[in-house]
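# Observations on the model geometry
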Amino acid sequence: MKKFKLSLTDEIKGIDKKIASLINQRSRLMCKVSQVRQSKSESLADVGLEKELWIVWKEELKKSNQGLVRQLYTLLNSLGYSMAEKTSSDKPFCLYPPTTPIKMSIPGPRSIRHSHYAAFMSALSPEKHEIKNFLLNDNIIELIKMANQCGFKMSWHENILTGLGSPDLNLDGQSLFVNHSLFNFYLFACLSLGSAGRTKFNSSALLKSVSLRDLQDFMPQLGARLYSIEPQSHSFPVRMEASGQLPSEISIPGHLDPNFVKALILCAPAFEKKFTVKYHGLKDQGFSELISVLKSAGIKVVVDDAQLVVYPGKPFPRSMDIPLDPVLCGFLLAMAQLSLGDISLSGAWPSKSELGQHVLQVLKQWGSTVSIENNAVISSAGPRTTGEMLDLSLRSELAPLAFPLALGTCQARELEIILAPESDNFEIITEVLSHIGYNYSVHSNGINISYSQRSTEKNSPWNSPNPYWTLGYCLLSFKHKGICLANPGNVTSLWPGFWKIFMNLSAKTATQRETKGDINDKPRRKRIRV
């Protein structure tokens, strides 16, 4: 019998298939271990088990780079922990938006970033105050919990955040759990720079794969030391040792995470002396919003090109007005065009925001008539467009909004999407098209979509990669009634109030009665009397 020698590529593919299968088995076993610990109200990770397993890895791969081996080991553990962290109540949820035009007038969702900044300013405020029209999500709740652990006094009720006036901060000796939010870690790490002390930080499995090496190398310039507790690791858990000896001026290299720079600027009012930050990314829109929050809280900030000076002071956020979130509002406003209805969202639209302008452009490109008046933004359905191209090359982050809107309203037989193939959203779009059953082809600049559909498994749930794509999938359901989500709960980490709005869309129309219930509710059985 003649034997055929496999090519190196085929041989590697065969090995990878076996490795992937073993990784899946290992992750499931680690998940079971974590679930047993959760049932006993213990932490996800079993430290003793991790030490035993690491001895095996270290022995078997002793000739390899131990730093890389440790990172791989941590990643594999995180896969199992992340499986255990998924909520067991997250059941597949099929989407059936109303078939009649939506007529809706409600308060619009407020800016996520603005709310996050305002919550931190509230923690530092010495007076009792309230911030209304506040968007509260998982990361902001974690921030409030961490702040209260450090001696601050904060609470919330619905969309109102209350600060009771905070004493002097005390992070020395604290052990803080940042959960999924890297930004919260940046905030409290920077806050600890103002005085001498040691603070420990740990995270969920999601952040275990994040490398903090660049930040660890930079921290000595701020009079501090950040190091990982586990050997051969550059991730969580970490310990922060601050000397309290801050320089009056710091130049920040461009390779550091911009969110760390924002956190450092937010913490600067708590430092004893004025603090100067030199950073070439200050012209970015995210920094403009940040500076606006500081000034509205009464903090003196002076900006000069690539240099920013923050003066010490206590924030007073009582008069802070949080604007609408342009992206979250965009998903609601798009429903007007998809349902041929009218939607009005009350609140201040961020007219100076570049992102807000791009959202309006997307809505108008695909037929919506949008107006801003009387402290509200209004979207009405216009004529369906015959446009054949959606260009996402400059704003790929708007793909979860623009793609389903274009697919649901375009009257042309084909649609071309301009998007770099290396973009994360490129892969997600092709996955959605395959899942729903569209014919498409890819090229060097994007995707060509044919409106002739092939058969696909009916109501097969789709696993959304993030909350924004969950919102985008809801927009697709206006064209494809009954498509299902495998993980509808992930959107609540970003925008807890969304499902209440979506489930009651039929209540906003004149012809359908009000619907109430949880997203996992099943249709009510009817009793027929004979």
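In this report, the structure presented in the accompanying data block is examined. (Residues numbered from 1 in each chain as written. Predicted model: local features only at pLDDT ≥ 70, side-chain atom pairs only at ≥ 80, totals over all residues. Heavy atoms only, no water.)

## Some words on the overall build of the protein chain
Rule in force here: Each helix is a run of H or I in the DSSP string that is no shorter than four residues. Each strand is a run of E no shorter than two, and both are numbered from the N terminus. As defined in this context, the radius of gyration uses C-alpha atoms, and a globule is described by 2.2 Å times the residue total to the power 0.38. Buried means the residue's accessible area, taken with a 1.4 Å probe over protein chains only, is under 20% of the maximum for its type, while exposed means over 50%, and partly exposed covers the values in between. We call two residues in contact whenever any of their non-hydrogen atoms come within 4.5 Å of each other.
In terms of helices and strands, the protein chain carries 15 helices and 21 strands. Over its C-alpha atoms the protein chain spans a radius of gyration of 25 Å, differing by no more than 12% from the 24 Å that the globule rule assigns to 530 residues. Reported as C-alpha extents along the three principal axes, the dimensions of the protein chain are approximately 80 × 75 × 55 Å. Put simply, the protein chain has 530 residues, and 49% of those count as buried. Of the contacts formed within the protein chain by residues at least 6 apart in sequence, a portion of 71% connects residues at least 24 apart.

## A closer look at the packing of helix α12 (residues 399-409) against helix α14 (residues 467-476)
Just so we agree on the cut-off: To obtain an axis, a line is fitted to C-alpha atoms, over the contacting stretch when the element is a helix, and the angle between two such axes runs from 0 to 180 degrees between their N-to-C directions. Angles are sorted into four bins: roughly parallel if under 35 degrees, roughly antiparallel if over 145, roughly perpendicular if 65 to 115, and oblique for all others.
Axis separation between α12 and α14 bottoms out at 8 Å; the angle between their running directions is 10 degrees. On the basis of their axis angle, the class for α12 and α14 is roughly parallel. Here α12 contributes A399, P400, L401, F403, P404 and L407 to the contact with α14, which in turn contributes Y468, W469, G472, L475 and L476.

## Some remarks on the nonpolar core
Within soluble globular proteins, side chains that are nonpolar generally end up buried alongside one another. Where we set the bar: Residues enter a nonpolar core if they are buried and are Ala, Val, Leu, Ile, Met, Phe, Trp, Tyr or Cys, with the set joined through side-chain atoms within 4.5 Å.
Counting residues in hydrophobic clusters, the biggest one holds 74 residues, and the most contacted among them are F185, F188, F201 and I265. For this core, the element with the highest residue contribution is helix α6 (residues 182-191), accounting for nine residues. Not counting chain neighbours up to four residues away, the residues in contact with F185 comprise V178, F201, L212, L215, L226, F236 and V238. By size, the runner-up hydrophobic cluster in this structure holds 70 residues, among which are I106, L135, V377 and I483.

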